[in-house]
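# Breakdown of the fold
Next come the chains, spelled out residue by residue.
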Amino acid sequence: MTKTNVNQGAKLFNQEVVREIEAQKERWKKETVKGKTGDGEYFSDSGIPVNLLYTPDDIKELNYMKDIGLSGEAPYVRGVYPNMYRGRLFTVRQIAGYGTPEDTNDRFKFLLKNGATGTSVVLDLPTIRGYDSDDPEAEGHVGAAGVAIDSLEDIEALYDGIPIDEISSNIVTHLPSTTVVIMAMFAAMAEKKGIPFEKLSGTNQNDFLMETAIGSSLEVLPPKASFRLQCDAIEFASKNLPRWNPVSYNGYNLREAGTDAVAEVACALANAIATSEELIRRGNKIDDFAKRLSFFWNLYNDFFEEIAKCRASRVVYQEIMKERFKAEEMKSQLMRFHVQTAGITLTKVEPLNNIARSAIQGLAAVLGGAQSLHVDSYDEAYSAPTEESALISIRTQQIIQTETNVVNTVDPLAGSYFVEYLTKEMAQRIRDYISEIESRGGLVACVDSGWLHREIADFAYQTQKDIENGTRKIVGLNYFPSEEHAGQKVEVFRYPETAEAKQKEKLKRLRQKRDAKKVEEKLNVIREMCHKDVNLMPYIKDAVLEYATLGEIEEVFREEFGLWQFPLA
Amino acid sequence: MQIKVVMAKLGLDIHWRGALVVSRMLRDEGMEVVYLGNQFPEQIVEAAIQEGADVIGLSTLGGNHLTLGPKVVKLAREKGVDALVIMGGVIPEDDIPLLKEAGIAEVFGPETKVESIATFIREHVGKTIG
């Protein structure tokens, strides 16, 4: 029997039994519960009504093989791989990044020695926003909150002694304009080391929402330009870097900025839709690039809703890829995602409580079938993690992996009436939100008009009001606040203050020794190509090989694409 | 007299949620708030002069508070602006005395009630010593 033989009408439960349960439930409400349901109504974090008790009649429409299925098969509710964590455990991926590339290289080596199974780097703000360390705009930011990268030399120093052909490298480039340059540098480094592109595995974040909606800045590229660069990176990787994920649609930061779980997934999917349409317009086939698209979710404390979100996101994605874009290959239809626990849920008061919060969120990620995980550290509201707090995060992951046994069987919460109900409900709400975005002209238009910014700002405002008036309860903050324990002493992480001077010195030497004329030539080619319907990646790679800096390349973008007024007031 | 606030994201820091939410909630408290978006000290002080601001609000989670924060106060005082300068964001406890010494009137960390920021402003506005 093949999967296509599934009886489309076969329901999970015998409908006669369901009717019996419905009748019994009515009786139970009157005779047994008798109004003892507690006060008021209950809702999940994103507003889904939650009943007292779930039974088969709440999911009576489900057809098991069609709507849920088996692991490694459509619609992938139960997970993207048949053997899930028995085949490969989720990657323990803790972000690191501060100071000079040499400083971060040391932290990489510390994390790998203690059991991290991949690297994940975060860049400093000048790098993310496209300025060199010696740019006046960079003052005060170099090597703070991330590592400073100015040229190919820095990427080489960052990965010195790291086996990039064996372990995967996650690079939190955030913005497409940063991604195209950093990805070009990474490819150029491999080329120089003689490592074939097929051996490179890793991920770039690359999301135009990060550039134009989620994070604000002084000089922002227009949404259309940022979206074009996002697509350039994806197209280049799909043709040249077969094991690279050129995008990680960033639901995470959108959620941190201010959305619920539904909008988080819907916006990321709407971006995947926009990308697919654009790449198809450029003459690519869906199966050429879809298998390398990946996602990035944020898991809050609403345990079951978050697990349901992970499961639902796979179903909706599969539908989109199969039905809308007619993807044929299985790999083009399965959604792989990274999870980071929710920084915004961590408190400054009684910071050690955050270890419990992060562990619960991390467990939800694993029960939701995540491919890789970053557990936030308890000192989130104080500074970037110290070595000590980062180690607790790794240990939390290892405890989930080895001591809880939750990884032994696939999707263990499947079949829970509540979890299946929530999964179905989340999926429907995600579809509806995508329709809303499309009715407004698609995601790029929703950013251009400022609609998405307003959605985020309204949500953030409402959340803060709910915390201040106590409707949203946070332990230790507005629920059982304890003055004597509030001020636990936390050791903070200090960014090395010497990074700015060191990076400036390196840039000075670089600008003296490189061939200035060649750099100028290569930058001019990029300038010209900005106005043509071509992929900019090969030209950017040529320029970084001549040691054009990140800031110089991005200055070309700013001049040629122009700047855009960030629509917030 | 309605209190006028200019609110800015300091330098390149990208996290706008806090600054925007505080801006809106200070408006709910009856203040006039001009949200400047991301700006460097020179532009922030320039805007404070143009708007005739009573308060300059600086928001940062990016680790630039010690370099750029005091610069705003210094530039403001040089230009004869006596506005109250306050700061919010993720800022290590140990840095707060340094910021206050440099003339930042108060530093509000995560979990501060906006109501208490408003109270602070009302109690201190107009009392800055230039």
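Scroll up to find the structure.
So, how was this worked out
- Residues numbered from 1 in each chain as written.
- Chains lettered and ligands numbered in written order.
- Predicted model: local features only at pLDDT ≥ 70, side-chain atom pairs only at ≥ 80, totals over all residues.
- Helix = DSSP H or I, 4+ residues; strand = E, 2+ residues; numbered from the N terminus.
- Buried ≥ 20, exposed ≤ 12 C-beta atoms within 10 Å, placed from the backbone.
- Contact = placed C-beta atoms within 7 Å.
- Rg over C-alpha atoms; globule rule 2.2 N^0.38 Å.
- Nonpolar A, V, L, I, M, F, W, Y, C, P; charged D, E, K, R; others polar.
- Pairing = 2+ DSSP bridges.
- Axes fitted to C-alpha atoms, helices over the stretch in contact; angles between N-to-C directions.
- Parallel < 35°, antiparallel > 145°, perpendicular 65-115°, else oblique.
- Left-handed = near helix turned anticlockwise from the far one by under 90°.
- Core = buried A, V, L, I, M, F, W, Y, C linked by C-beta atoms within 7 Å.
- Right-handed = clockwise from strand over helix to strand, strands pointing away.
- Expected span 1.5 Å × (residues − 1).

For chain A, the helix and strand inventory stands at 23 helices and 10 strands. Taken along its principal axes, the extent of the C-alpha atoms in chain A is 85 × 60 × 45 Å. The proportion of buried residues among the 569 residues of chain A is 51%. Taking the intrachain contacts of chain A between residues at least 6 apart in sequence as the baseline, contacts between residues at least 24 apart amount to 78%.

Scanning chain B from N- to C-terminus turns up five helices and five strands. In sequence order, chain B lays out its α and β elements as β-α-β-α-β-α-β-α-β-α. The C-alpha radius of gyration computed for chain B amounts to 13 Å, which stays within 12% of the reference 14 Å derived for 130 residues, consistent with globular compactness. C-alpha extents for chain B along the principal axes are approximately 35 × 35 × 25 Å.

Let's shift gears to unusual backbone geometry. Residues and elements named next belong to chain A. Along the chain, Ala74 connects to Pro75 via a cis peptide bond; the corresponding omega equals 0°. The topology assignment puts Pro75 in the loop between helix 2 (64-68) and helix 3 (84-87). The phi angle at Tyr76 is positive, at roughly 65°, despite the residue not being glycine. Relative to the elements of secondary structure, Tyr76 occurs in the loop between helix 2 and helix 3.

Another aspect to go through is the environment of A:Arg472. Residue and element names in this part refer to chain A. Of note, Arg472 is situated in the loop between helix 18 (451-468) and helix 19 (483-486). C-alpha separation for the pair Arg472 and Asp45, spaced 427 residues apart in sequence, amounts to 9.7 Å. Aside from chain neighbours lying at most four places away, what touches Arg472 is Thr463, Asp466 and Ile467.

As a further point, take the interface of chain A and chain B. Residue-level contacts link 32 residues of chain A with 27 residues of chain B. Among the secondary structure elements, those contributing two or more residues to the side of chain A that touches chain B are helix 5 (125-128), helix 10 (251-258) and helix 18 of chain A. Looking at the side of chain A that touches chain B, its residues break down into 18 nonpolar, nine polar and five charged.

On to the sheet that holds strand 2 (residues 95-96) of chain A. Residue and element names in this part refer to chain A. A sheet is described by the order of its strands in space; here five strands give the open sequence 2-3-4-5-6, paired in parallel fashion. The open sheet has two edge strands with one neighbour each: strand 2 and strand 6 (244-245). Both strand 4 (residues 168-172) and strand 5 (residues 202-204) contribute to a ladder of three bridges, which runs parallel. When the bridges of strand 5 are listed, Ile171 appears paired with Asn204.

All names here are of chain A. Contact pair helix 21 (residues 516-529) / helix 22 (residues 537-545): the axes reach a minimum separation of 9 Å and the direction vectors enclose 165°. Between helix 21 and helix 22, the interaxial angle falls into the category roughly antiparallel. The hand of the helix 21/helix 22 crossing is left-handed. Mapping the contact onto sequence places Lys522, Leu523, Val525, Ile526 and Met529 in helix 21 and Tyr539, Ile540, Asp542 and Ala543 in helix 22. Residues that form the contact of helix 21 with helix 22 fall into these classes: seven nonpolar, no polar and two charged.

Once that is clear, we can look at the sheet that holds strand 7 (residues 247-250) of chain A. All names here are of chain A. The sheet built from five strands is open, its strands ordered 1-10-9-8-7 with parallel pairing. The strands lining the two open edges of the sheet, one partner per strand, are strand 1 (91-92) and strand 7. Relative to strand 10 (residues 372-374), strand 1 is paired through two bridges, and the arrangement is parallel. Within strand 10, the position partnered with Val92 by the bridge is Leu373. Helix 10 rests against strand 7, strand 8 (293-299) and strand 9 (336-341) of the sheet, and its axis sits at about 30° to strand 8.

On to the nonpolar core, then. Buried together is how nonpolar side chains tend to be arranged in soluble globular proteins. Among the nonpolar cores identified, the biggest contains 195 residues, and A:Ala266, A:Leu269, A:Ile430, A:Ile540, B:Ile56 and B:Val85 are the most heavily contacted of them. Leaving out residues up to four positions away in the same chain, A:Ile540 has contacts with A:Val180, A:Val181, A:Ala184, A:Ile526 and A:Ile553.

With that settled, consider the pairing of strand 4 (residues 84-89) of chain B. Residue and element names in this part refer to chain B. Burial of strand 4 is extensive: six of the six residues sit out of reach of the surface. Residues of strand 4 alternate between two faces, with Leu84, Ile86 and Gly88 on one and Val85, Met87 and Gly89 on the opposite face, all of them buried. You can see the chain leave strand 3 (residues 55-60), run along helix 3 (residues 65-78) and come back into strand 4, and the turn it takes is right-handed. Direction of pairing for strand 4 relative to strand 5 (residues 106-108): parallel, over a ladder of three bridges. Looking at the pairing, Ile86 lines up with Glu106 of strand 5.

In this section: helix 9 (residues 223-240) of chain A. The end-to-end C-alpha distance of helix 9 of chain A, which contains 18 residues, comes to 26 Å, matching closely the 26 Å that a straight helix rising 1.5 Å per residue would cover. Counting buried positions along helix 9 of chain A gives 15 out of 18 residues, so the element sits mostly inside the fold.

Right, let's talk about helix 1 (residues 17-28) of chain B for a bit. Because an α-helix packs 3.6 residues into every turn, residues spaced three or four apart end up facing the same way. Residue and element names in this part refer to chain B. End to end, helix 1 covers 17 Å across 12 residues, agreeing with the expected 16 Å (1.5 Å per residue, within 8%). In terms of burial, helix 1 is largely enclosed, as nine of its 12 residues are buried. All of the buried residues along helix 1 are Arg17, Gly18, Ala19, Leu20, Val21, Val22, Ser23, Met25 and Leu26. Of the residues trailing helix 1, Gly30 is marked for its positive phi of about 95°.

In short, geometric facts, not functional conclusions.
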